[in-house]
Amino acid sequence: ASVGDGGSSPDTEYAGSGYAHSKAILLGEHSVVYGAPAIAIPVEALGVQAWVNPRAEGLYLESDLYTGDQCDTEHQTGPVRAAVAAALEATGQPGAGLSVRLHSTIPFARGLGSSAAVGAAIGRAIGSMAGRTLDPEQLNTIIQAAETVAHGKPSGLDARTVVADSPIRFQSGEVSAISVGGEFDFVIADTGVTGSTAEAVDSVRVQREAERGRVEGILAQLAGHADAAVADLASGAKSALGEKMSTVHGLLASIRVSSPLLDSLVAEANAAGALGAKLTGGGLGGCIMALASSGAHAQQIRDALYRAGAVHTWHTKVVP
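Each chain has its residues counted from 1, running along the sequence as written. Totals for whole chains, interfaces and linings use every residue, but because this is a predicted model, local features are given only for residues with pLDDT of at least 70 and side-chain atom pairs only at 80 or more, for both listing and counting. With hydrogens and water stripped out, all remaining heavy atoms of the structure feed into the side-chain values.

**A look at the overall build of the protein**
Right, on to step 1. From N to C terminus, the protein includes 9 helices and 11 strands.
Right, on to step 2. For the radius of gyration, the atoms used are the C-alpha atoms, and the globule rule reads 2.2 Å times the number of residues raised to 0.38. Its C-alpha radius of gyration of 19 Å places the protein within 12% of the 20 Å reference for a compact globule of 320 residues.
Right, on to step 3. Expressed as lengths along the three principal axes of its C-alpha atoms, the size of the protein is roughly 55 × 45 × 35 Å.
Right, on to step 4. Out of the 320 residues in the protein, the part that is buried amounts to 51%.
Right, on to step 5. For the protein, the share of sequence-separated contacts (at least 6 apart) that also reach a separation of at least 24 residues comes to 74%.
Right, on to step 6. Only four residue types enter the tally: Lys and Arg on the positive side, Asp and Glu on the negative side; His and the chain ends are excluded. Where a charge lies is defined by one atom per residue type: Lys uses NZ, Arg uses CZ, Asp uses CG and Glu uses CD. Taking the 21 positively charged and 32 negatively charged side chains of the protein as two groups, their mean positions are separated by 5 Å. Working definition: helices are DSSP H or I runs of at least four residues, strands are E runs of at least two. Numbering for both runs from the N terminus. A simple rule labels every residue: compare its accessible area, found with a 1.4 Å probe on the protein chains alone, to the largest value its type can have, and call it buried under 20%, exposed over 50%, or partly exposed in between. What makes two residues a contact is simply this: any of their non-hydrogen atoms within 4.5 Å.

**Some thoughts on the packing of helix α6 (residues 212–235) against helix α7 (residues 238–254)**
Right, on to step 1. One can describe the packing of α6 onto α7 by two numbers: an axis separation of 10 Å at closest approach and a directional angle of 160°. Taken together, the axes of α6 and α7 lie roughly antiparallel to each other. Of the two elements, α6 crosses α7, and the hand of that crossing is left-handed. Contacts between α6 and α7 involve R214, I218, Q221, L222, H225, A228, A229, D232 and L233 on the former and, on the latter, A240, L241, K244, T247, V248, L251, L252 and S254.
Right, on to step 2. Gly is placed with the polar residues, together with every amino acid not listed as nonpolar (Ala, Val, Leu, Ile, Met, Phe, Trp, Tyr, Cys and Pro) or charged (Asp, Glu, Lys and Arg). Its residues assigned to classes, the contact of α6 with α7 shows 10 nonpolar, 4 polar and 3 charged. Here an axis means a line fitted to C-alpha atoms, over the contact stretch when the element is a helix, while the angle between two N-to-C directions is reported on a 0 to 180 degree scale. For this classification, under 35 degrees means roughly parallel, over 145 means roughly antiparallel, 65 to 115 means roughly perpendicular, and everything else is oblique. Less than a right angle of anticlockwise turn of the near helix away from the far helix marks a crossing as left-handed, whereas a clockwise turn marks it as right-handed.

**Quick notes on helix α3 (residues 136–151)**
Right, on to step 1. When the terminal C-alpha atoms of α3 are compared, their 21 Å separation across 16 residues agrees well with the 22 Å that a helix rising 1.5 Å per residue should span.
Right, on to step 2. Summarising the contacts, the buried residues of α3 are in contact with α1 (78–90), α2 (114–129) and α4 (157–161).
Right, on to step 3. Positioned one or two residues after α3, G152 has a phi angle of 90°, which is positive. Here the expected length of a helix is defined as 1.5 Å per residue gap, with one fewer gap than residues.

**Structural notes on the pairing of strand β10 (residues 287–292)**
Right, on to step 1. β10 sits mainly inside the fold: 6 of its 6 residues count as buried.
Right, on to step 2. The alternating pattern of β10 places C287, M289 and L291 on one face and I288, A290 and A292 on the opposite face, and all of these are buried.
Right, on to step 3. Only strands that DSSP links by at least two bridges are regarded as paired with each other. Looking at chain direction, strand β8 (residues 184–190) and β10 are connected through 6 bridges and run antiparallel. What sits directly across from F186, in β10, is L291.
Right, on to step 4. By the bridge criterion, 5 bridges tie strand β9 (residues 276–280) to β10 in an arrangement that is antiparallel. Looking at the pairing, K278 lines up with M289 of β10.
Right, on to step 5. Taking the residues that link successive antiparallel strands as the turn, the β9-β10 hairpin has 6 residues, and the phi of G281 there is positive, at about 95°.

**Observations regarding the packing of α1 against α2**
Describing two packed helices takes the angle between their axes plus the distance from one axis to the other.
Right, on to step 1. Running from N to C, α1 and α2 point in directions that differ by 35°, and their axes come no closer than 9 Å. For the pair α1 and α2, the sense of crossing is right-handed. Seen from α1, the contacting residues are V80, A83, V84, A87 and L88; seen from α2, they are V118, G119, I122, G123 and I126.
Right, on to step 2. Residue composition of the contact of α1 with α2, grouped by class: 8 nonpolar, 2 polar and no charged.

**Describing the sheet that holds β9**
Right, on to step 1. Overall, antiparallel pairing links the 4 strands, which are arranged β9-β10-β8-β11 in an open sheet. Edge positions in the open sheet fall to β9 and β11 (312–318), since each of these has one partner strand only. Averaged over all adjacent pairs, the angle separating strand axes in this sheet is 25°, with direction ignored.
Right, on to step 2. This element, helix α8 (residues 260–271), spans β9 and β10 of the sheet and lies at about 160° to β9.
Right, on to step 3. Its contacts with the sheet put helix α9 (residues 295–307) on β8, β10 and β11, and the angle it makes with β11 is roughly 160°.

**What to know about unusual backbone geometry**
Right, on to step 1. A positive phi is found at R256, a non-glycine position, where the angle reads about 60°.
Right, on to step 2. Within the element layout of this structure, R256 appears in the loop between α7 and α8.
Right, on to step 3. Backbone geometry places L284, a non-glycine residue, at a positive phi of 55°.
Right, on to step 4. If you trace the backbone, L284 turns up in the loop between β9 and β10.

**Describing the pattern of salt bridges**
Right, on to step 1. Whenever a carboxyl oxygen of Asp or Glu lies within 4 Å of a side-chain nitrogen of Lys or Arg, that contact is scored as a salt bridge. Taken as a whole and judged by the stated rule, the model has 14 salt bridges.
Right, on to step 2. Here R101 makes a salt bridge to E62, at a shortest N to O gap of 3.6 Å. Of this pair, R101 sits in strand β5 (residues 98–104) while E62 sits in strand β3 (residues 59–62), and the two are 39 residues apart along the sequence.
Right, on to step 3. One continuous salt-bridge network, built from bridges that share partners, spans E183, D185 and K317.

So this is what it looks like as C-alpha cells:
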C-alpha cells in the first residue's frame, strides 16, 4: 500500500510502524479546565500512521507539514521531536538516530487531537521497531511529551482518547471507559478555520474573573450535561443525548467561544434533522459535531453541511 492511502507500508521497508486514531470532545469543553468531567469519543474515520527506520544519527522527518532534518527549527514539528525523544528513552535507545515517515488524515489545529495522535503513532512505531508493546502509561508519557510542546499545559484528555477504543469520561487526569448501549452516528464538519484552544481558554478565564457568578453558573451546567450524558450513551438514548448537545452549544456560545461560521453549521445540521449539534473542542474555529438518527441520515447531514460551506465532513460511529 502507498503512504497516501492510509494503508500500512510493507514490513520489508520499515523497521517499525504504528497507528493512532483521532478524537472529538462530545461534552465538557471549557468546564473540564476547571476540574469538571468531559466526555470524549474516538474518531476512527481519521488517524495518523507512522513508519520508522534507524539511521546513523539525528532525526529525519517525511510528512505533509515538513520534510527534512531541521525538525528542531520548525515549530510544527516540535511535537514530533518530543515524541521521538520520549519513545527512544522509553525503549532504552536514548538519542538514537531515526528516520520517521508520517501520513495523517487529521486536519491540523482543529480540535481533533492531531498532535496527540502523532505522538501515539510514533510511540507505537518506535515500540514495534524495538520489538516491544509499550504499556498504557509509557505510551501516555510519550503522547504527553508531544502535547506539551504543542499546547503548553495539556489536560491529558487528548492523550487518553486517541488510544481509547470506546468513549471515555475524563476528569482531572482520571479516566474511565463508558459503556455504550446503542449505535450512535456522528457527523464531524470542519469550518476550515484554525481554532486556538489557548485563546479560547484564556477568553473564558478573563470572563470568569469579570463575571464570576454568571460564568461559573454556565460552567456548572456544562459539567452537569457531560455527567448526565454517560447514562445516555449507556442506554442508547440518542434523542436525550442530542438535546444535551444542542443545549451545550448555546451555553458555549454564551461564553463567546463559538463563531458565526460554527453557529451557521450547527443551524444547518439541525435544519437537516440532526438530533443535536454543537461545536467540538476549544471553539473560535475548528469543527462541529452533529448526531444523526442513522448512517443514511448521517450522509444527508454531510451533504447539507458541504452545501453550507464545510470544507470537510466525516461520519464516525460509536457502537456497543
